[in-house]
Amino acid sequence: DLLRVADGSVTPLTPPGQSSPSRPQWSPDGREIAYQVADGGAFGLWRLTFPLAPGGAPDYAGTPQSVPGSTLLPMDIGQAKGNPDWSPAGGRLMVQMPALVTVPTGQLTLSYKTWVTNPDGTEPSLLVPTQTLADRDPTWSPDGAWIAQWSWNPDLKAAVWLVRPDGTGAVDLT
């Protein structure tokens, strides 16, 4: 469970019966936590949204609303590698999910690909769909305009890539 620990008490933050919440990640404004959950054998991306206190700051003593967010993602997020990662402005989430890719020998293999989506799961975009084979360690630029990651290129050589969050402008830097 995701828990609030304050004043000597422990309060679950996730809905009752939700199984295996994991990989929590704060939004840049501190109002939401994105996390993964196994729910009835299916995996998904969920968010806890905290109410606002007078003055507009998040009220962590208040009861957060639990919101599902992965309904439009093409694959189960629970198979993801690493944490969901918020863009610096908080308007997008980046996740890595398994995908079948064809290696130069013609064989299919299971690999990880990087996706960017709105926090509610809408508008998913696959970064570098064909140029890379196994995306690893994606990270946002400080202004959120680019994502850097390393991956295997089609020649099976490790490469560092830059790509825009909408999947355009992919550049192999190595």
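In short, a report on the structure. The structure displayed is predicted, hence computed values, not measured ones.

1. Side note on the sheet that holds strand β13 (residues 158-163)
Now for step 1: As summarised here, the arrangement of the 4 strands in space is β11-β12-β13-β14, forming an open sheet in which the pairing is antiparallel. Bordering the open sheet on either side are β11 (136-140) and β14 (171-172), each of which pairs with just one other strand.
Now for step 2: For β13 and β14, the ladder comprises 2 bridges, and the chain directions are antiparallel. Looking across to β14, one finds that Trp161 is bridged to Asp172.

2. So, the pattern of salt bridges
Now for step 1: On inspection of all chains with the given rule, the structure shows 2 salt bridges.
Now for step 2: Arg47 is the partner of Glu32 in a salt bridge, and the nearest nitrogen-oxygen pair spans 2.6 Å. With Glu32 in strand β4 (residues 32-39) and Arg47 in strand β5 (residues 42-49), this pair connects stretches of sequence that are 15 residues apart.
Now for step 3: The partner of Lys113 in a salt bridge is Asp135, with the nearest N and O atoms 4.0 Å apart. Here Asp135 lies in the loop between β10 (125-126) and β11 and Lys113 lies in strand β9 (residues 108-117), a separation of 22 residues in the sequence.

3. Examining the pairing of strand β2 (residues 9-12)
Now for step 1: Judged from the 4 bridges that link them, strand β1 (residues 3-6) and β2 form a sheet pairing that is antiparallel. Following the sheet pairing, Arg4 is matched in β2 by Thr11.
Now for step 2: Two successive antiparallel strands, β1 and β2, enclose a turn made up of 2 residues, where Asp7 displays a positive phi of approximately 50°.

Conventions we followed
Residues numbered from 1 in each chain as written. Predicted model: local features only at pLDDT ≥ 70, side-chain atom pairs only at ≥ 80, totals over all residues. Heavy atoms only, no water. Pairing = 2+ DSSP bridges. Helix = DSSP H or I, 4+ residues; strand = E, 2+ residues; numbered from the N terminus. Salt bridge = Lys/Arg side-chain N within 4 Å of Asp/Glu carboxyl O.

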